[in-house]
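Residue-level structure breakdown
Residue strings, one per chain:
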Amino acid sequence: MASPESAGARFRRAVEEERPLQVAGAINAYSALLAERAGFRALYLSGAGVANASYGYPDLGITQLADVAEDVRRIADVSPLPLLVDIDTGWGGAFNIARSIRELTRAGAGAVHLEDQVQAKRCGHRPGKALVSASEMVDRVRAAVDARPDPAFVIMARTDALASEGLEAAIDRAGRYVEAGADMIFAEAVTELDQYRAFTRAVDVPVLANITEFGRTPLFTVEELGSAGVRLVLYPLSAFRAMSRAAEAVYAAIRRDGTQREVLDSMQTRDELYAVLGYHDYERKLDELFSRDGGEG
Ligand SMILES: C[C@](O)(C(=O)O)[C@H](CC(=O)O)C(=O)O
Ligand SMILES: [Mg+2]
């Protein structure tokens, strides 16, 4: 029997088959199911999403491997879509990075991105980011590449250098990370389409554009990004931001009105929920397993 395609191989195939590949942020397993139903071919677990949604913390390097791995396991358990995981700085030195790669491979991830900020990292779209040297980041990439148990597992190197060091330095860093073995490049906090063009011309691996809202990057369309040679387009927190806004409105209405009647329209119904979960298939399975001939059922 042929062995099933690894998560890394599935991620690479998605990048080949959809151009550019839209990667949907899913802050939990249920969101992963929703993204799959919307037709996405690949998922993303955001570091900010784990920190904000699972822990109620800001995106400042407070959450760790175990926190992220738990969310990866939950998503990979229910979704067949390949998952790209944000591992911030890898959470330590070479051996910590190696452990992160092995652990997340086991958890079901197909790809990770590792960034060149200092350990006390910040959101990529905030001021005051500090970077490690290019050679220190090269060591991080080497450690990650060396540790992967599956050669198809994708190591994506993220550079945050554009904001502080400028385009040329950021592209130079990207080139060095590719030489060190990075399979793909995450160009963070890019402000112009031409800058993406410069990245994609300079490196011969796929480049990702992070189209996060309310940040430094304009909301370029997938067509615009495709024409600049971008191969992956990321929407890390779009659904989370919308869910949060909807939840605020529902909480406020229930407190204000003493009933949720006015906000029912903004809710997914029970039937819709069950359709997403495949609830009735689970029930049928129970019936098959446990109904006894002639019994009470
Ligand atoms: C992509 C990102 O690393 C994330 O954790 O989702 C964030 C997204 C954001 O804060 O909007 C980042 O760009 O740093
Ligand atoms: Mg992040």
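As shown above, the structure is provided for reference.
Cut-offs and rules
Residues numbered from 1 in each chain as written. Chains lettered and ligands numbered in written order. Predicted model: local features only at pLDDT ≥ 70, side-chain atom pairs only at ≥ 80, totals over all residues. Heavy atoms only, no water. Axes fitted to C-alpha atoms, helices over the stretch in contact; angles between N-to-C directions. Helix = DSSP H or I, 4+ residues; strand = E, 2+ residues; numbered from the N terminus. Parallel < 35°, antiparallel > 145°, perpendicular 65-115°, else oblique. Left-handed = near helix turned anticlockwise from the far one by under 90°. Contact = heavy atoms within 4.5 Å. Nonpolar A, V, L, I, M, F, W, Y, C, P; charged D, E, K, R; others polar. Phe/Tyr/Trp six-rings, centres within 6.5 Å; stacked < 30°, edge-to-face > 60°. Buried < 20%, exposed > 50% of the residue type's maximum accessible area, 1.4 Å probe, protein only. Lys NZ or Arg CZ within 6 Å of the ring centre and 35° of its normal. Core = buried A, V, L, I, M, F, W, Y, C linked by side-chain atoms within 4.5 Å. Near = heavy atom within 4 Å. Polar contact = N/O pair within 3.5 Å; in protein donor to acceptor, adjacent residues only side chain to side chain. Areas by Shrake-Rupley, 256 points an atom, 1.4 Å probe, with all protein chains shown as cover.

Running from amino to carboxyl end, helix H2 (residues 29–37) crosses helix H4 (residues 65–78) at an angle of 40°, the nearest separation of the two axes being 8 Å. Classified by the angle their axes make, H2 and H4 are oblique. When the axes of H2 and H4 are compared, the crossing they make is right-handed. Where H2 abuts H4, its residues Ala29, Ala32 and Leu33 lie against Arg74, Ile75 and Val78. Of the residues assigned to the contact of H2 with H4, the class counts are 5 nonpolar, no polar and 1 charged.

Turning our eyes to something else, we now look at the packing of aromatic side chains. The description of two aromatic rings rests on the distance between their centres and on the angle between their planes. Considering all chains together, one arrives at 3 aromatic pairs under this definition. Between Tyr55 and Tyr57 the ring centres are 6.2 Å apart and the planes differ by 20°, which places this aromatic pair in the stacked class. Take Tyr57: its relative accessible area is 39%, and that puts it in the partly exposed class. Relative to Phe220, the ring of Tyr196 has its centre 6.2 Å away and its plane inclined at 80°; by these criteria the two rings are edge-to-face. Here Tyr196, found in helix H9 (residues 193–202), pairs with Phe220, found in the loop between strand S7 (207–210) and helix H10 (222–227); they are 24 residues apart in sequence, far enough to count as distant. Residue class for Phe220 comes out buried when judged on its relative accessible area of 14%. Geometry around Phe186 places Arg158 over its ring, the cationic atom sitting 5.1 Å from the centre.

Generally speaking, a soluble globular protein has its nonpolar side chains buried in company with each other. Ranked by internal contacts, the top residues of the largest apolar core, which has 63 residues, are Leu104, Ile185 and Tyr196. When residues in this core are grouped by element, the largest group, 6 residues, is from helix H6 (residues 134–147). Not counting chain neighbours up to four residues away, the residues in contact with Tyr196 comprise Ala187, Val190, Leu208, Ala209, Asn210, Ile211, Thr217, Phe220, Leu225, Ala228 and Val230. Counting residues in hydrophobic clusters, the runner-up holds 16 residues, among them Phe11, Val15, Met184 and Leu234.

This part takes up the site of ligand 1. The environment of ligand 1 is made up of 16 residues, and the closest members are Ser46, Gly124, Arg158, Glu188 and Thr212. The separation between an oxygen atom of ligand 1 and a polar main-chain atom of Ala48 is 2.8 Å. The separation between an oxygen atom of ligand 1 and a polar side-chain atom of Arg241 is 3.3 Å. If ligand 1 stood free it would expose 340 Å²; the protein chains cover 96% of that surface. Counted by class, the shell around ligand 1 contains 5 nonpolar, 6 polar and 5 charged residues.

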